[in-house]
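Chain by chain, the residues:
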Amino acid sequence: KRVLLFSAVNCLTVVFHQQEAGGNSPNTPSGGGQLRKPELHNVVLDILDNVDSYGGVLAALVATLMSDVMNADPQVVHFVHKSGLAKSFLALLLGKDGESNSILGDEVEEWGEIAMEPSAELIMAIPNVILALALTQDGSKAVAEANPFPALLSVFCSPKYAMPNSR
């Protein structure tokens, strides 16, 4: 896992630096081109599917990468949905089976709690990714069908997220 994490951070660093530099070189693939590469695609999927192992900060970096790439090139949105990246990302909020409160079993309150790690960086990155996932007509339909908004809003009502250090 540590080797995979190290290579994930290296891949993300390369993509971020290419985006900052403009990536105008004909030999340098765009952020969308990098995301389509199986190496980065598989690492991003693994991080999104195993946030409990990698942590919220690395998941936030992946979320920021996804939103930056999709905002820079909306044609990538179709790939993100088709490849399963969007589904893995939305599973952070909705759970593995698509229902926000089904993972927690008996501990679920009426409003519902999400199983996502309470990480400020990740919580701040989520709305940007949801917005980027909805840049295209098909993408907005997929986001509307998934309806991640109740789960996102539950973050503001749950003591796990709103007051994590309070008794």
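Just above, that's the structure.
Quick caveat, the model's predicted, so the values are computed rather than measured. (Residues numbered from 1 in each chain as written. Predicted model: local features only at pLDDT ≥ 70, side-chain atom pairs only at ≥ 80, totals over all residues. Heavy atoms only, no water.)

Draft legend 1. Broad picture of helix H6 (residues 76-83). The set of residues buried in H6 consists of Val76, Val77, Phe79, Val80 and Ser83. Within H6, the buried residues cover an arc of 160° as seen down the axis, which keeps them to one side. Exposed and oriented more than 90 degrees from the buried face of H6 are His78 and Lys82. Its buried side turned inward, H6 meets helix H2 (31-36), helix H3 (38-49), helix H5 (56-72), helix H7 (85-94) and helix H8 (120-133). Remark: Gly84 follows H6 within two positions and exhibits a positive phi of approximately 95°. (Buried < 20%, exposed > 50% of the residue type's maximum accessible area, 1.4 Å probe, protein only. Helix = DSSP H or I, 4+ residues; strand = E, 2+ residues; numbered from the N terminus. Arc of directions from axis to C-beta. Contact = heavy atoms within 4.5 Å.)

Draft legend 2. Quick look at the packing of H3 against H5. At a minimum axis distance of 9 Å, the contact between H3 and H5 shows a crossing angle of 130°. Classified by the angle their axes make, H3 and H5 are oblique. Note on packing geometry: the crossing formed by H3 with H5 is left-handed. For the pair H3 and H5, contact is made by Leu40, Val44, Ile47 and Leu48 and by Leu58, Ala59, Val62, Leu65 and Met66, respectively. When its residues are assigned to classes, the contact of H3 with H5 shows nine nonpolar, no polar and no charged. (Axes fitted to C-alpha atoms, helices over the stretch in contact; angles between N-to-C directions. Parallel < 35°, antiparallel > 145°, perpendicular 65-115°, else oblique. Left-handed = near helix turned anticlockwise from the far one by under 90°. Nonpolar A, V, L, I, M, F, W, Y, C, P; charged D, E, K, R; others polar.)

Draft legend 3. Focus on the nonpolar core. Counting 43 residues, the largest nonpolar core has Leu35, Val44, Met66, Met70, Val80, Phe89 and Leu133 as the members making the most contacts within it. At the level of elements, H3, helix H4 (51-54), H5, H6, H7, H8 and helix H10 (149-154) are the ones that each hand at least two residues to this core. Sort the elements by how many residues they give to this core and H5 lands first, with nine residues. When neighbours within four sequence positions are excluded, Met66 is seen to be in contact with Val44, Leu48, Val80, Leu85, Phe89 and Val129. (Core = buried A, V, L, I, M, F, W, Y, C linked by side-chain atoms within 4.5 Å.)

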